Amino acid sequence: MSVRHRRPLLATVVLVAGAGLALTACGPDNSDPVAGATASATGAASAAPAASGAPAGSHPTTHAPKPSGTGRPSGGTSAGTGAAGSPCDIQNLSIHMTPRSGAPTQYVIDVKNTGGSACTLSATPGVDLGNSTARDQSKNLKPILASGTERFTVPAGKNAYVAIDVNPSGATTGTVPGINEVNVLADDDDTNMPLANIQNFPLPAGAKVLDPKMGVYRAGVAEAVASLAAAPK
């Protein structure tokens, strides 16, 4: 918030005692214009409660930093899933993460629009992987992303899916120790969705994590997995 500074007006009154002399008041020089000050204010976003329907073991985060690594959205259009809408409200989203059948290192993040009208999400969710007990979350792993910047429209009652692979190479050694959860912010544009809405999903005990990568939001699981395959190696 910018602060408006006021310059005090100095009024000088000079009394001259003597014959024939009048009382004279001296003011500021009118040739010195005062520039108008502009005040700005930034409203603090209020944190909405986390969506219901998360799997057992998930909990709203208070410690995780903002998941990042996604490109910023370039506009309000969709990726081809219906009419454009306003940014999704976390209260109208049901968010889950489930293992992908037949792919032991892959998971599908499923975001359902439970509201009555279409809404938009950033091209990818904000995601990082960390340890749920760590005090410092600043070094959490961020997945390598498939390309995509346009906002994705989710029609009312429909789902958006994104696939993440926590260990694309299937490595059994040299993996990152201590990683036991995936932190998800459904919309990575923090002007639309406060960071308090990050949700945490546990990984199975003993999950091996190395060089994770992630696709972009799509209207079906198959399309989401296909976009995952397009992420750089």
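Above: the structure in question.
Numbering of residues starts from 1 in each chain and follows the order in which that chain's sequence is written. Reporting of local features is limited, given that this is a predicted model, to residues whose pLDDT is at least 70; pairs of side-chain atoms are given and counted only at 80 or more, and all residues count toward the totals for whole chains, interfaces and linings. Heavy atoms throughout the structure, all of them, feed into the side-chain values; hydrogens and water do not.

## With respect to the pattern of salt bridges
Part 1 of the argument: Salt bridge criterion: a side-chain nitrogen from Lys or Arg within 4 Å of a carboxyl oxygen from Asp or Glu. Within this structure, the stated rule accounts for 1 salt bridge.
Part 2 of the argument: Here R151 makes a salt bridge to D187, at a shortest N to O gap of 2.5 Å. Of this pair, R151 sits in the loop between β9 (144–145) and β10 (152–154) while D187 sits in the loop between β12 (181–185) and β13 (199–202), and the two are 36 residues apart along the sequence. Both residues of the pair, R151 and D187, count as buried. Strands are runs of DSSP state E lasting at least 2 residues, helices are runs of H or I lasting at least 4, and numbering of each runs from the N terminus. Exposed residues in this analysis have more than 50% of their type's maximum accessible area, buried residues have under 20%, and partly exposed residues fall in between, with area computed by a 1.4 Å probe over protein chains only.

## Things to note about the pairing of strand β5 (residues 93–100)
Part 1 of the argument: Any two strands are treated as partners once DSSP identifies two or more bridges connecting them. In this structure, β5 lies alongside strand β6 (residues 103–113), joined through 8 bridges in antiparallel fashion. Across the sheet, the residue bridging to L93 is N113, located in β6.
Part 2 of the argument: Where β5 folds back onto β6 in an antiparallel hairpin, the turn is made up of 2 residues, including G102, whose phi is positive at roughly 85°.

## Some points on the sheet that holds β9
Part 1 of the argument: An order of β5-β6-β11-β14-β9 is seen for the 5 strands of this open sheet, with the pairing classed as mixed. Each end of this open sheet is capped by a strand with a single partner; those strands are β5 and β9.
Part 2 of the argument: Note that β6 and strand β11 (residues 159–165) share 7 bridges and pair antiparallel. Bridging across to β11, Q106 finds its partner in D165.

## So, the sheet that holds β10
Part 1 of the argument: One open sheet holds the 3 strands; their spatial order is β4-β7-β10, and the pairing between them is mixed. Edge strands, defined here as strands with exactly one partner in the open sheet, are β4 (86–87) and β10.
Part 2 of the argument: Taken together, the 2 bridges between β4 and strand β7 (residues 119–121) define a ladder with parallel strand orientation. The residue of β7 that forms the bridge with S86 is C119.

## Describing the side chain of N113
Part 1 of the argument: Within the secondary structure, N113 is located in strand β6.
Part 2 of the argument: Overall, the relative accessible area of 1% leaves N113 in the buried class.
Part 3 of the argument: Counting of polar contacts relies on pairs of N or O atoms within 3.5 Å, with two restrictions inside protein: one atom must be capable of donating a hydrogen and the other of accepting it, and residues adjacent in sequence are counted only when both atoms are side-chain atoms. Polar side-chain contacts of N113 include one of 2.9 Å to the backbone nitrogen of G115.
Part 4 of the argument: At a separation of 2.9 Å, a polar atom in the side chain of N113 contacts the main-chain carbonyl oxygen of S117.
Part 5 of the argument: Excluding residues that lie within four positions of it along the chain, N113 makes contacts with N92, L93, A118, C119, V154, P155, A156, G157 and K158. Here, residues are in contact when the closest pair of their heavy atoms is within 4.5 Å.

## A closer look at the state of the cysteines
Part 1 of the argument: Working definition: a disulfide is two cysteine sulfur atoms within 2.5 Å of each other. On inspection of all chains with the given rule, the structure shows 1 disulfide.
Part 2 of the argument: Linked covalently through their sulfurs, C88 and C119 form a disulfide whose S-S length is 2.0 Å. Measuring the twist about the S-S bond at about 85°, one finds the C88-C119 disulfide to be right-handed. With C88 in the loop between β4 and β5 and C119 in strand β7, this residue pair connects regions lying 31 residues apart in the sequence.

## Brief notes about the environment of I95
Part 1 of the argument: Tracing the backbone through its elements, the reader meets I95 in strand β5.
Part 2 of the argument: Classification of I95 as buried rests on a relative accessible area of 1%.
Part 3 of the argument: In this structure, the C-alpha to C-alpha distance between I95 and V184, residues 89 residues apart in sequence, is 9.1 Å.

Purely geometric numbers; function is a separate question.
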